[in-house]
Amino acid sequence: MSQIPELQDSNDVLRTCLNLLPQQATERILSRLQQAIHYEPVIGIMGKSGAGKSSLCNALFQQPVCLTSDLTACTREPQRLVLTVGDRCMTLVDLPGVGETPEHDEEYLALYQNLLAELDLIIWALRADDRARATDIVAHRALLACGADPSRFLFVVTQADCVPPLPEGEVRQALPSAEQCLSLAVVSALVAGQLPSSFPVMVVSAHTGYNLPGLVELMVHALPLQASSAVYRQLKPEHQSAESDSAVRQRFGELAGAAFDSVIDPNSLPSRWRALLGKLREKLVQLATGLWDRLFG
């Protein structure tokens with residue numbers, strides 16, 4: 001990877017990389033990158049009352065989270081919570097009343113339909129020791145019927161430490177026992193069959209920290225390119241790993257490549273330019289990957 005001058009502004013480094021392009025093309029590429037750098041993601045949080053949504057969010061994010069759905073309010077609006085770390089912001093949206101009563105289903109469908117377009121990801125919490133998932137299944141199907149993108153759902157089985165059989169004399173332990181692991185595998189398979197998603201079902205414990213680094217890594221891949229870095233900045237460092245660090249940097253590099261492709265079409269240019277533009281794109285991706293810490297760290 002090319003050496004990046006320590007004292008040079010990140011935007012200047014990227015502009016220098018693109019100095020062979022017409023100025024207008026350079027500015028368009030940098031503008032698209034700046035939009036991504038300052039993007040403010042929106043994540044929806046779903047799950048029945050008691051599914052552990054607040055505990056999960058408090059375990060994942062640096063800022064304290066309290067998710068509550070106002071079930072008696074006349075507007076019955078989703079509850080929004082803005083998280084801020086440094087100058088980075090994102091929004092958690094607690095979606096209200098899934099399966100509360102049949103009478104409210106039609107009202108919620110209208111709410112969801114208006115909200116779905118802005119959600120980068122929906123984290124859906126289900127208790128490991130709760131076998132009753134009819135409400136979740138009906139709500140999920142209703143959202144898909146509203147036009148929700150199936151690839152935006154991430155199903156998380158919470159409270160893995162509470163799944164039977166519990167160890168004698170110790171309710172919670174850092175790692176599930178062999179018997180609990182078998183139970184969790186069965187639960188995961190059932191959830192995957194009942195609530196299809198583009199991503200594997202994650203089993204975690206907010207109380208013990210079990211598998212939270214795995215969830216963080218999966219979130220990086222599940223989020224759209226423009227959202228993964230901004231969300232990663234909000235997550236607790238203790239749940240980040242070498243794998244998730246590498247993935248989020250690589251995805252920001254992919255984003256830079258996508259910005260380049262949206263402005264430059266090598267196929268429309270003479271063949272002698274194509275190899276040069278290919279190398280220029282590769283250099284931009286490498287620089288963006290290397291600049292991640294400056295931009296988001």
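So, the pairing of strand 1 (residues 42-46)
Reasoning step 1: In terms of residue burial, strand 1 counts as a mostly covered element, since 5 of its 5 residues are buried.
Reasoning step 2: Every second residue of strand 1 is oriented toward a common face, with Val42, Gly44 and Met46 on one face and Ile43 and Ile45 on the other, all of them buried.
Reasoning step 3: In this sheet, strand 4 (residues 121-127) lies alongside strand 1 in parallel orientation, the contact comprising 4 bridges. Following the sheet pairing, Ile45 is matched in strand 4 by Ile123.

Details of the sheet that holds strand 6 (residues 202-203)
Reasoning step 1: One open sheet holds the 6 strands; their spatial order is 2-3-1-4-5-6, and the pairing between them is mixed. Strands with a single pairing partner mark the edges of an open sheet, and in this sheet they are strand 2 (79-85) and strand 6.
Reasoning step 2: For strand 2 and strand 3 (residues 88-94), the ladder comprises 7 bridges, and the chain directions are antiparallel. Its bridge partner being in strand 3, Val85 is matched across the sheet by Arg88.
Reasoning step 3: Running over the sheet, helix 5 (residues 134-145) touches strand 1, strand 4 and strand 5 (153-158) and is turned about 165 degrees from strand 4.
Reasoning step 4: Strand contacts of helix 8 (residues 225-234): strand 1, strand 2 and strand 3, with the helix running at about 90 degrees to strand 3, the strand carrying the most contacts.

Topic: the pattern of salt bridges
Reasoning step 1: The final tally for this structure, using the stated rule, is 11 salt bridges.
Reasoning step 2: Glu118 is the salt-bridge partner of Arg80, the closest N and O atoms lying 2.8 Å from each other. You can see Arg80 sitting in strand 2 and its partner Glu118 sitting in the loop between helix 4 (102-115) and strand 4, a full 38 residues away along the chain.
Reasoning step 3: Overall, Glu118 belongs to the partly exposed group, its relative accessible area being 32%.
Reasoning step 4: Between Arg88 and Asp87 there is a salt bridge, and its shortest N-O distance comes to 3.8 Å.

With respect to the nonpolar core
Reasoning step 1: Within the largest apolar cluster, 60 residues are counted, with the highest numbers of intra-cluster contacts made by Ile43 and Leu215.
Reasoning step 2: Discounting chain neighbours no more than four positions away, the residues touching Ile43 are Met90, Thr91, Leu92, Val93, Leu119, Leu121, Ile123, Met219, Leu223 and Val231.

Here's the deal with the packing of helix 2 (residues 23-37) against helix 9 (residues 242-263)
Reasoning step 1: Direction vectors running N to C along helix 2 and helix 9 enclose 145 degrees, while the axes themselves pass 9 Å from each other. Two packed elements cross with a definite hand, and for helix 2 against helix 9 that hand is right-handed. Of helix 9, the residues touching helix 2 (which contributes Ala25, Arg28, Ile29, Arg32, Leu33, Ala36 and Ile37) are Phe252, Leu255, Ala256, Ala259, Phe260, Ser262 and Val263.

Some details on the packing of aromatic side chains
Reasoning step 1: The full count for this structure, using the stated rule, is 6 aromatic pairs.
Reasoning step 2: For the pair Tyr232 and Trp292, a centre-to-centre distance of 6.0 Å together with 70 degrees between the ring planes defines the contact as edge-to-face. Of this pair, Tyr232 sits in helix 8 while Trp292 sits in helix 11 (residues 292-296); the two residues are 60 residues apart in sequence, bridging distant segments of the chain. Across the pair, exposure class does not vary: Tyr232 and Trp292 are buried alike.

A look at unusual backbone geometry
Reasoning step 1: The residue after Pro164, namely Pro165, is reached through a cis peptide bond having omega -5 degrees.
Reasoning step 2: Among the structural elements, Pro165 can be located in the loop between strand 5 and helix 6 (178-194).
Reasoning step 3: Within the chain, Gln159 stands out as a residue other than glycine whose phi angle is a positive 55 degrees.
Reasoning step 4: Positionally, Gln159 belongs in the loop between strand 5 and helix 6.

Here's the deal with helix 1 (residues 10-17)
Reasoning step 1: Of the positions making up helix 1, those classed as buried are Ser10, Val13, Leu14 and Cys17. All buried residues of helix 1 lie within an arc of 95 degrees about the axis, which places them on one face of the element.
Reasoning step 2: In this structure, the buried residues of helix 1 make contact with helix 2, helix 10 (271-290) and helix 11.
Reasoning step 3: The N-terminus of helix 1 is capped by Asp9, whose side-chain oxygen sits 2.9 Å from the backbone nitrogen of Asn11.

Rules and cut-offs
- Residues numbered from 1 in each chain as written.
- Predicted model: local features only at pLDDT ≥ 70, side-chain atom pairs only at ≥ 80, totals over all residues.
- Heavy atoms only, no water.
- Buried < 20%, exposed > 50% of the residue type's maximum accessible area, 1.4 Å probe, protein only.
- Helix = DSSP H or I, 4+ residues; strand = E, 2+ residues; numbered from the N terminus.
- Pairing = 2+ DSSP bridges.
- Contact = heavy atoms within 4.5 Å.
- Axes fitted to C-alpha atoms, helices over the stretch in contact; angles between N-to-C directions.
- Salt bridge = Lys/Arg side-chain N within 4 Å of Asp/Glu carboxyl O.
- Core = buried A, V, L, I, M, F, W, Y, C linked by side-chain atoms within 4.5 Å.
- Left-handed = near helix turned anticlockwise from the far one by under 90°.
- Phe/Tyr/Trp six-rings, centres within 6.5 Å; stacked < 30°, edge-to-face > 60°.
- Arc of directions from axis to C-beta.
- Polar contact = N/O pair within 3.5 Å; in protein donor to acceptor, adjacent residues only side chain to side chain.

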